[in-house]
Amino acid sequence: ARVGPGRVPRGRGVRHALGGGVGGMIGWYVGIIAYKSVVVWSASRTGTVHALVPAEVEVDSSYTILVPLYKEASVLAQLMANLAALDYPTQLMQILLLVEDDDVETIAGVAALDLPPHVEVVLIPESYPRTKPKACNIGLARATGEFCVIYDAEDRPDPAQLRKAAAASFPP
């Protein structure tokens, strides 16, 4: 039999391809997707994530929260409200606002805020590259907490996030 456009030799069609390696791979992928779907579905039905740590659980681990800021003056009020909403003792939190020292708008915005005692502004000296990791490295040198968290200015963390993480790190 001649093979050409529109002609498939006998026994070499789609059924043949699915019966070989390609069919086995497709079956394997479908099986993995089905397994992951069942895992996600069953995890979402347990409700254990929300009930992980009741508010009554005592915590004694300290946190340093690094917040790198560059050209973020417009979101400072919301950022501070989000950080104030964290359900964690303020005496165990050190919040470092990492601001580039040439970012005049953000520096002015931070200066206009009434910052609580556990919030400190750290000016990041001008150097290249201008990156969040560079600012965080400078912040880490000042960190005093047992744990360290990095939030972006637009983040809206779960108020119980720090409490849950501390409890999960040191279970009873």
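Residues numbered from 1 in each chain as written. Predicted model: local features only at pLDDT ≥ 70, side-chain atom pairs only at ≥ 80, totals over all residues. Heavy atoms only, no water.

Visitor: Kindly report on the side chain of Asn 82, identifying the contributing residues and their values.
Guide: Within the secondary structure, Asn 82 sits in helix H3 (residues 76–84). Engagement of the side chain of Asn 82 in a polar contact is seen with the side chain of Gln 78, the distance being 2.8 Å. (Helix = DSSP H or I, 4+ residues; strand = E, 2+ residues; numbered from the N terminus. Polar contact = N/O pair within 3.5 Å; in protein donor to acceptor, adjacent residues only side chain to side chain.)

Visitor: Tell me what's going on with helix H6 (residues 161–169), and back it up with residues and numbers.
Guide: When we look at burial in H6, the residues that qualify are Leu 162, Arg 163, Lys 164 and Ala 166. Taken together, the buried residues of H6 touch strand S1 (63–69), strand S2 (93–100) and strand S4 (147–150). (Buried < 20%, exposed > 50% of the residue type's maximum accessible area, 1.4 Å probe, protein only. Contact = heavy atoms within 4.5 Å.)

Visitor: Summarise the pairing of S4; cite the residues concerned and give the values.
Guide: Side chains of S4 alternate between two faces, with Phe 147 and Val 149 buried and Cys 148 and Ile 150 left unburied. Two strands pair when backbone bridges link them, and S1 and S4 are joined in this way by four bridges, in the parallel orientation. In the strand pairing of S4, Ile 65 is matched with Val 149. (Pairing = 2+ DSSP bridges.)

Visitor: Got a sec to walk through helix H5 (residues 132–142)? Specific residues and values, please.
Guide: Along H5, the positions that sit buried rather than exposed are Lys 134, Ala 135, Cys 136 and Gly 139. Contacts made by the buried residues of H5 are with S1, S2, strand S3 (119–124) and S4. One side-chain oxygen of the residue at the start of H5 lies 3.2 Å from the amide nitrogen of Lys 134, identifying that residue as Thr 131.

Visitor: Any details on the nonpolar core? Residues and values, ideally.
Guide: Proteins that are soluble and globular tend to have nonpolar side chains buried together. Formed by 24 residues in total, the largest nonpolar core has its most connected members in Ile 65, Val 67, Leu 83, Leu 97 and Leu 162. Sequence-distant contacts of Val 67, defined by excluding residues within four places in its chain, comprise Leu 79, Leu 83, Ile 95, Leu 96, Leu 97, Leu 98, Tyr 151 and Ala 153. With seven residues, the next largest nonpolar core counts Leu 66, Leu 96, Leu 98 and Ile 124 among its residues. (Core = buried A, V, L, I, M, F, W, Y, C linked by side-chain atoms within 4.5 Å.)

Visitor: So what's going on with the packing of aromatic side chains? Residues and values would help.
Guide: Counted under the stated rule, the structure contains two aromatic pairs. Aromatic pair Tyr 63 and Tyr 88: ring centres 5.2 Å apart, planes at 85°, arrangement edge-to-face. Remark: Tyr 88 occurs in the loop between H3 and S2 and Tyr 63 occurs in strand S1; sequence separation between them is 25 residues. Residue Tyr 63 is classed as buried on the basis of its relative accessible area of 3%. A network of ring pairs unites the aromatic residues Tyr 63, Tyr 88 and Phe 147 as a single cluster. (Phe/Tyr/Trp six-rings, centres within 6.5 Å; stacked < 30°, edge-to-face > 60°.)

Visitor: Got a sec to walk through unusual backbone geometry? Specific residues and values, please.
Guide: Trans peptide bonds make up most of the peptide bonds, and negative phi angles are found at most residues other than glycine. Its identity is not glycine, yet Lys 71 carries a phi of approximately 60°, on the positive side. Of note, Lys 71 is situated in the loop between S1 and H3.

Visitor: Give me the lowdown on the environment of Pro 125, citing residues and values where you can.
Guide: For Pro 125, the location among the structural elements is in the loop between S3 and H5. Measuring from C-alpha to C-alpha, the distance between Pro 125 and Ala 135 comes to 9.0 Å, with ten residues separating the pair along the chain. Once you skip the residues sitting within four places of it in the chain, Pro 125 turns out to touch Glu 100, Asp 101, Lys 134 and Ile 138.

Visitor: Tell me about the sheet that holds S2, and please be specific about residues and values.
Guide: Read from one edge of the open sheet, four strands run S3-S2-S1-S4, paired in parallel fashion. Because the sheet does not close on itself, it has two edges, and the strands there are S3 and S4. With strand direction ignored, the average angle separating the axes of adjacent strands in the sheet is 25°. As judged from the six bridges shared by S2 and S3, these two strands associate in the parallel manner. By the bridge assignment, Ile 95 is partnered in S3 with Val 119. Contacts between H3 and the sheet are confined to S1, S2 and S3, with S1 contributing the most and set at about 165° to the helix. (Axes fitted to C-alpha atoms, helices over the stretch in contact; angles between N-to-C directions.)

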